[in-house]
Amino acid sequence: MAEGVKHDYHLVNPSPWPLVGAVAATVMALGGVTWMKGLFGLPAHTAWLFYAGLAGVLFTMLAWWRDVTLEANQGDHTPVVSIGLRYGMVLFIASEVMFFVAWFWIFFEMALFHGHRAGAGEAIEDVRQAWATWPPHGVETVPAFQLPLVNTLTLLLSGTTVTWAHHALQTGDRRGAKIGLFLTIILGVLFTSIQAYEYNHIIQHKYFFSEEAASAGLYGSSFFMATGFHGFHVLIGTIFLTICLIRLLNGGFTPQKHFGFEAAAWYWHFVDVVWLFLFAFVYVIFGAHGGA
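Let me begin by describing the structure that accompanies this report.

What counts and what doesn't
- Residues numbered from 1 in each chain as written.
- Predicted model: local features only at pLDDT ≥ 70, side-chain atom pairs only at ≥ 80, totals over all residues.
- Heavy atoms only, no water.
- Helix = DSSP H or I, 4+ residues; strand = E, 2+ residues; numbered from the N terminus.
- Buried < 20%, exposed > 50% of the residue type's maximum accessible area, 1.4 Å probe, protein only.
- Contact = heavy atoms within 4.5 Å.
- Phe/Tyr/Trp six-rings, centres within 6.5 Å; stacked < 30°, edge-to-face > 60°.
- Expected span 1.5 Å × (residues − 1).
- Salt bridge = Lys/Arg side-chain N within 4 Å of Asp/Glu carboxyl O.
- Core = buried A, V, L, I, M, F, W, Y, C linked by side-chain atoms within 4.5 Å.
- Patch = residues over 30% accessible without salt bridge, like charges linked within 9 Å, V, L, I, M, F, W, Y side chains within 5 Å.
- Areas by Shrake-Rupley, 256 points an atom, 1.4 Å probe, with all protein chains shown as cover.
- Axes fitted to C-alpha atoms, helices over the stretch in contact; angles between N-to-C directions.
- Parallel < 35°, antiparallel > 145°, perpendicular 65-115°, else oblique.
- Left-handed = near helix turned anticlockwise from the far one by under 90°.
- Nonpolar A, V, L, I, M, F, W, Y, C, P; charged D, E, K, R; others polar.

**Brief notes about the overall build of the chain**
Of the regular secondary structure elements, the chain holds eight helices and zero strands. Secondary structure elements of the chain occur, N-terminal to C-terminal, as α-α-α-α-α-α-α-α. Counting all 292 residues of the chain, 40% fall into the buried class. Taking the intrachain contacts of the chain between residues at least 6 apart in sequence as the baseline, contacts between residues at least 24 apart amount to 74%.

**Re unusual backbone geometry**
With a phi angle near 55°, Phe 40 is a residue other than glycine that sits in the positive phi range. Checked against the element boundaries, Phe 40 lands in the loop between helix 1 (17–37) and helix 2 (48–73). Its identity is not glycine, yet Lys 206 carries a phi of approximately 50°, on the positive side. Inspection of the secondary structure puts Lys 206 in the loop between helix 6 (174–204) and helix 7 (217–249). Overall, the relative accessible area of 53% leaves Lys 206 in the exposed class.

**Here's the deal with the environment of Val 162**
Its location among the elements puts Val 162 in helix 5 (residues 147–170). Note: C-alpha distance between Val 162 and Glu 262 (100 residues apart in sequence) is 9.7 Å.

**Some thoughts on the packing of aromatic side chains**
As enumerated under the stated definition, the model contains 25 aromatic pairs in all. Relative to Phe 50, the ring of Trp 35 lies with its centre 5.4 Å away and its plane at 50°, an arrangement referred to as tilted. A residue pair is termed long-range when its members are at least 10 positions apart, and Trp 35 in helix 1 and Phe 50 in helix 2 qualify at 15 residues. With a centroid separation of 5.3 Å and 65° between ring planes, the pair formed by Phe 108 and Phe 281 is classed as edge-to-face. Placement of Phe 108 in helix 3 (residues 79–119) and of Phe 281 in helix 8 (residues 259–285) is noted, with a sequence separation of 173 residues between them. Its relative accessible area of 25% is what places Phe 108 among the partly exposed residues. Phe 281 sits in the partly exposed class, given a relative accessible area of 24%. Through a chain of ring-to-ring contacts, three or more aromatic side chains come together here, namely Trp 65, Phe 92, Phe 99, Phe 100, Trp 103, Phe 229, Phe 240, Tyr 267 and Phe 270.

**Examining helix 2**
In this model, helix 2 (26 residues) spans 37 Å end to end at C-alpha, consistent with the 38 Å of a helix rising 1.5 Å per residue. Elements in contact with the buried residues of helix 2: helix 1 and helix 7. With its phi angle positive at about 90°, Gly 75 sits one or two positions after the end of helix 2.

**Comments concerning helix 6**
Spanning 31 residues, helix 6 covers 45 Å between terminal C-alpha atoms, matching the ideal 45 Å at 1.5 Å per step. Of the residues flanking the end of helix 6, it is Lys 206, one or two places downstream, whose phi is positive at about 50°.

**Points about the pattern of salt bridges**
Side chains that carry opposite charge are capable of pairing whenever their charged atoms lie near each other. All chains considered together, the criterion is met by two salt bridges. The partner of Asp 67 in a salt bridge is Arg 66, and the shortest N-O contact between them spans 3.0 Å. The class for Asp 67 is partly exposed, based on a relative accessible area of 22%.

**Remarks on the nonpolar core**
Of all hydrophobic cores here, the largest spans 54 residues; its most connected members are Trp 134, Leu 181, Phe 208, Phe 223 and Phe 261. Elements represented by at least two residues in this core include exactly helix 3, helix 5, helix 6, helix 7 and helix 8. Element by element, the count of residues in this core is highest for helix 8, at 15 residues.

**Focus on a nonpolar patch on the surface**
On the surface, Trp 164, Ile 179, Phe 182, Leu 183 and Ile 186 cluster together into a nonpolar patch covering about 430 Å² of accessible area. Mapped onto the elements of the fold, Leu 183 is located in helix 6.

**What about the packing of helix 6 against helix 7?**
In the contact formed by helix 6 and helix 7, the axes pass within 9 Å of each other and the chain directions differ by 155°. As summarised for this structure, helix 6 and helix 7 are arranged roughly antiparallel, according to the angle between their axes. The interaxial crossing formed by helix 6 with helix 7 has left-handed handedness. When the residues that make up the contact of helix 6 with helix 7 are grouped by side-chain class, the tally is 17 nonpolar, ten polar and three charged.

**Here's the deal with the side chain of His 166**
Along the chain, His 166 falls in helix 5. By relative accessible area, which is 16% here, His 166 ends up buried. Beyond its immediate sequence surroundings of up to four residues, His 166 is in contact with His 258, Phe 261 and Glu 262.

Structure, rendered in structure tokens:
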């Protein structure tokens, strides 16, 4: 803590990263639109603007994390500041929960009240026929107890290994922490790889978007939005844990001070719990085949 400071709060020095990150995120978003639809005179499928924004976002993340780590090593993270960091992470995860509430909401609305959609007086006849059953007519669902079950077991195992790594770090077993963290990252990569294979299989075999399911596109859209948004969180969590492993290998973290790793572990457990809900409701309970 700087000399002369009489309080427990850390006032950060002026930082460029909020502005740089906002600009980079805007460029990445505009680049995504350009890539898909074309923008600013650039034709569709022009990807360089998106990747330029992505590079800016990644650079901002690394630079900002570096600054926060330096602050911690300099003793600026007092007990009061540490509590604030924990509250911030809890609120961030709570905001993420509300994102998933939206995706679950639309899926439940379709699964529970598809009869109302089919019976609406102004419904187009093809839509009425498609939504008369659940899943909608023409939709072929993903078998829950094949790849989705493998991914469920993969994430549950990763929750065990990240807990092992956390406990090992708390007890001063740095070797055990490194092994547990490395295994967690491998399992995260495995989950992403299996999901990518599953998506490719769905698209190749036209499970959701065949000619018979032409009027039931909302099913596929909600499925990809819910599971894909979760998959994105797994990818982000894997990056978090990889950064933690690099810091651990470079001598970072102590049994007393390791909130960076603790926050990543919280995030990973959140990802695990969300997947259990997705598996139970999207794949098993409301994914039973009956509309093809």
